[in-house]
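Remarks on the overall topology
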Amino acid sequence: MADIKLIINGKDCVAPKGSTILQAAELNGIHIPKLCYLEGINKYGACRICLVEQMLPPAKNLQASCMVEAQEGMIIETNTQRVRDARRTMYELLLSNHAQDCLACVRNQDCEFQALGRELGITQCHYEGERAEYPIDVSESITRNPNKCILCRRCISVCKNIQTTAVLGAEDRGFRTHISPAFGLPIGASSCAFCGQCVEVCPVGALTET
Ligand code: FES
């Protein structure tokens, strides 16, 4: 496949045609913070953490670098004040509706969301408001805590595209297991195979082993 040339942060970059701006940057050793994107699994543009500024051709709005295809002659800036401010705002908005019990969370110190907060220099959340409260869904293998979910959709993508089970959906993510009254054993009302792929890709503590 032919290559294209573009400039990222003043550096001459080369990437295969069809690459996204994010892929082009990573191929050329330039780091762009990201959260929902997972190479080969989830490309949905949900979190907007990977925002960059497109100087040429000029774009009024910041671009989600994981979604926008890199073009010949593009000039991209990944770390301007405008970009950093927007990233922090997106992060804080996600944090504002996230159960902030990190010290008691099983993913503490092994959490992509937490690590990203450190990288972005988040020390407080400016958006305090009503927080959604959902019941915790416990199956015999997987525990789902929607109060920690940041709606990245990685679990949905891996379930549908890799495991091809499609048990998890945007509006229907319960395992719906219950205890059999006759045998006292858990019964799955969904076709979840409890493969654990969703737990593996979850960037927070929303999906964990029971
Ligand atoms: Fe690009 Fe989430 S990583 S929108």
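Our subject is the structure listed above.
With respect to topology, three strands assemble into an open sheet ordered E6-E7-E10, the strand pairing being antiparallel. Unpaired on one side and paired on the other, strand E6 (137–138) and strand E10 (207–209) mark the two borders of the sheet. Sheet topology places strand E7 (residues 142–144) next to E10; three bridges connect them, and they run antiparallel. Across the sheet, Thr143 pairs through a bridge with Thr208, a residue of E10.

Viewed as axis vectors pointing N to C, helix H2 (residues 81–96) and helix H3 (residues 112–120) meet at an angle of 145 degrees, and their least axial separation amounts to 11 Å. Considering how the two elements wind past one another, H2 and H3 form a crossing that is left-handed. Contacts between H2 and H3 pair Arg87, Arg88, Tyr91, Leu94 and Leu95 from the former with Phe113, Gln114, Leu116, Gly117 and Leu120 from the latter. Across the contact of H2 with H3, the residue classes tally to six nonpolar, two polar and two charged.

As enumerated under the stated definition, the model contains eight salt bridges in all. The partner of Lys34 in a salt bridge is Glu26, and the shortest N-O contact between them spans 2.8 Å. Taking relative accessible area as the criterion, Glu26 reaches 32% and is therefore assigned partly exposed. A salt bridge links Glu112 to Arg154, with the nearest nitrogen and oxygen atoms 2.9 Å apart.

Each value, and the rule that gives it
Residues numbered from 1 in each chain as written. Predicted model: local features only at pLDDT ≥ 70, side-chain atom pairs only at ≥ 80, totals over all residues. Heavy atoms only, no water. Pairing = 2+ DSSP bridges. Helix = DSSP H or I, 4+ residues; strand = E, 2+ residues; numbered from the N terminus. Axes fitted to C-alpha atoms, helices over the stretch in contact; angles between N-to-C directions. Left-handed = near helix turned anticlockwise from the far one by under 90°. Contact = heavy atoms within 4.5 Å. Nonpolar A, V, L, I, M, F, W, Y, C, P; charged D, E, K, R; others polar. Salt bridge = Lys/Arg side-chain N within 4 Å of Asp/Glu carboxyl O. Buried < 20%, exposed > 50% of the residue type's maximum accessible area, 1.4 Å probe, protein only.

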